[in-house]
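Inside the fold
Each chain, letter by letter, is given below.
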Amino acid sequence: MKKLSGKIIETRPFSAGDVEISLGRRLRELRELAGMTQSQLAGQIGASRSAISRIENRDDVSTVMLKKFVAGLGAKLRIDASFDATSPVMLRVLEAFDVEHTNDDQLLFPLFEEAPFKTSRDVVLSIKPQYSTPILEGAKTVELRRRFPVQVPKGTLAYIYSTSPTRALTGTARIMGVEKISLGEMWERYSPVACIERDDFDAYFSGLDEGVVIQLGNVHQLPRAIGLDELRDRFEFAPPQSFVYANPLLREAIKHESSSLPH
């Protein structure tokens, strides 16, 4: 029995006639390409053969079942939004995120599952002042997140953006490691250096069983905080909800502006 683990299947552009081909048929073709029978796939994902048959005869499939189906083949599900080159949001997306070009006329932006973290990319972390201040003071050595790429390379430079009311880039840190663990283990191991109250911790992670720990080191406070107005004017900066890849202009400007910034 063959599997698709470690392989990338490139999708083809849709033509007018493709809309008549159901998703179920596509999944059946993928299963057959992997050399698996319906019974074998059913055994892999804990379903019945008849359930696999029903999926392969449907025009629509839930993302949960779709993820299980392709996982049973040894693959990972990826769903992208495709932007045409003339789309007004294309340039904005290019500046803010590491996204994939398929050709000169198309831009792919991942919607489902985490895209691989690109190496040699600095990030901007949005952090509330009550948490960014103890990071800069050395008391807080981890940042806790509901979601963050676990593939981030050790040593990645993180710019610390302190949110309202500070609204400024205030420092930098090196990401020394990222791990996704259970909330119980997270609290037991990291609460002393996370600088967060238990009630706030529980409220933030409500509805989740796991969270992400970002270990920080080599923290530096910028000689002068760079306010949001200046960030917008000079770098077309938009504060991220969680994190964003730093654009090259911002990275180079800060490196030249601050001699204490680690390279």
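These figures come from a predicted structure and were not determined experimentally. (Residues numbered from 1 in each chain as written. Predicted model: local features only at pLDDT ≥ 70, side-chain atom pairs only at ≥ 80, totals over all residues. Heavy atoms only, no water.)

The next thing to look at is the overall build of the protein. For the protein, the count of helices and strands is 10 helices and nine strands. A total of 263 residues make up the protein; the buried ones form 39% of that total. In the protein, the proportion of contacts linking residues at least 24 apart, taken out of those at least 6 apart, comes to 70%. Within the structure as shown, the protein displays about 15,100 Å² of accessible surface, and the carbon and sulfur contribution to it stands at 50%. (Helix = DSSP H or I, 4+ residues; strand = E, 2+ residues; numbered from the N terminus. Buried < 20%, exposed > 50% of the residue type's maximum accessible area, 1.4 Å probe, protein only. Contact = heavy atoms within 4.5 Å. Areas by Shrake-Rupley, 256 points an atom, 1.4 Å probe, with all protein chains shown as cover.)

This next bit is on the side chain of Gln38. Its location among the elements puts Gln38 in helix α2 (residues 38-45). Polar contacts involving the side chain of Gln38 include one to the side chain of Arg49, which spans 2.8 Å. With near-sequence residues (within four places) excluded, Gln38 lies in contact with Arg31, Arg49, Ile52, Ser53 and Glu56. (Polar contact = N/O pair within 3.5 Å; in protein donor to acceptor, adjacent residues only side chain to side chain.)

Attention now goes to the pattern of salt bridges. According to the stated counting rule, one finds 12 salt bridges in the structure shown. We note a salt bridge from Arg25 to Glu29, for which the minimum N-O separation is 3.4 Å. With Arg25 and Glu29 both in helix α1 (residues 23-33) and four residues apart, the pair spans about one turn of that helix. Since its relative accessible area comes to 39%, Arg25 is described here as partly exposed. Relative accessible area serves as the criterion here: at 33%, Glu29 is assigned to the partly exposed category. Taken together, the shared-partner salt bridges connect Arg25, Arg26 and Glu29 into one network. (Salt bridge = Lys/Arg side-chain N within 4 Å of Asp/Glu carboxyl O.)

As a further point, take the environment of Leu27. Checked against the element boundaries, Leu27 lands in helix α1. For the pair Leu27 and Ile52, spaced 25 residues apart in sequence, the C-alpha to C-alpha distance is 9.7 Å. The residues contacting Leu27, other than those within four sequence positions of it, are Ile55, Glu56, Val61, Leu66 and Phe69.

Bringing the packing of aromatic side chains into the picture now. In the structure shown here, the tally under the stated rule is six aromatic pairs. Seen from their ring centres, Trp187 and Phe201 are 5.0 Å apart, and the 55° between their planes marks the pair as tilted. Here the residue Trp187 occupies a position in helix α7 (residues 183-194), and Phe201 occupies one in helix α8 (residues 198-204), the gap between them amounting to 14 residues. Their ring planes at 55° and their centres at 5.0 Å tell us that Phe201 and Phe205 sit as a pair that is tilted. (Phe/Tyr/Trp six-rings, centres within 6.5 Å; stacked < 30°, edge-to-face > 60°.)

This next bit is on the nonpolar core. The nonpolar side chains of soluble globular proteins are, as a tendency, buried together. Grouped together as the largest cluster of nonpolar side chains are 29 residues, with contacts concentrated most on Leu144, Phe148, Ile175 and Met186. Mapped onto this core, the elements with two or more residues apiece are β4 (123-127), α6 (129-137), β5 (142-145), β6 (156-162), β7 (168-182), α7, β8 (210-227) and β9 (243-245). Sequence-distant contacts of Ile175, defined by excluding residues within four places in its chain, comprise Val123, Phe148, Val152, Pro153, Lys154, Gly155, Thr156, Ala158, Ile214, Gln215 and Leu216. If you look at the next biggest cluster of nonpolar residues, it comprises 16 residues, including Leu222, Val244, Leu250 and Ala253. (Core = buried A, V, L, I, M, F, W, Y, C linked by side-chain atoms within 4.5 Å.)

Across the interface, α2 lies against helix α4 (residues 63-72) with an axial gap of 9 Å and an inter-helix angle of 110°. Taken as axis vectors, α2 and α4 run roughly perpendicular relative to one another. As α2 packs across α4, the resulting crossing turns out to be right-handed. Here Leu41, Gln44 and Ile45 of α2 lie close against α4, whose contacting residues are Lys68, Phe69 and Gly72. Across the contact of α2 with α4, the residue classes break down as three nonpolar, two polar and one charged. (Axes fitted to C-alpha atoms, helices over the stretch in contact; angles between N-to-C directions. Parallel < 35°, antiparallel > 145°, perpendicular 65-115°, else oblique. Left-handed = near helix turned anticlockwise from the far one by under 90°. Nonpolar A, V, L, I, M, F, W, Y, C, P; charged D, E, K, R; others polar.)

As a further point, take α2. Taken together, the buried positions of α2 are Gln38, Leu41, Ala42 and Ile45. All buried residues of α2 fall inside an arc of 105° around its axis, so they share one side. Gly46 lies just past α2 and shows a positive phi near 70°. (Arc of directions from axis to C-beta.)

Across the junction of Ser164 and Pro165, the peptide omega takes the value 10°, indicating a cis bond. Tracing the backbone shows Pro165 in the loop between β6 and β7. Phi at Asn218 is positive, roughly 50°, even though this residue is not glycine. Structurally, Asn218 is set in strand β8. With phi around 50°, Glu236 is a residue other than glycine that occupies positive phi space.

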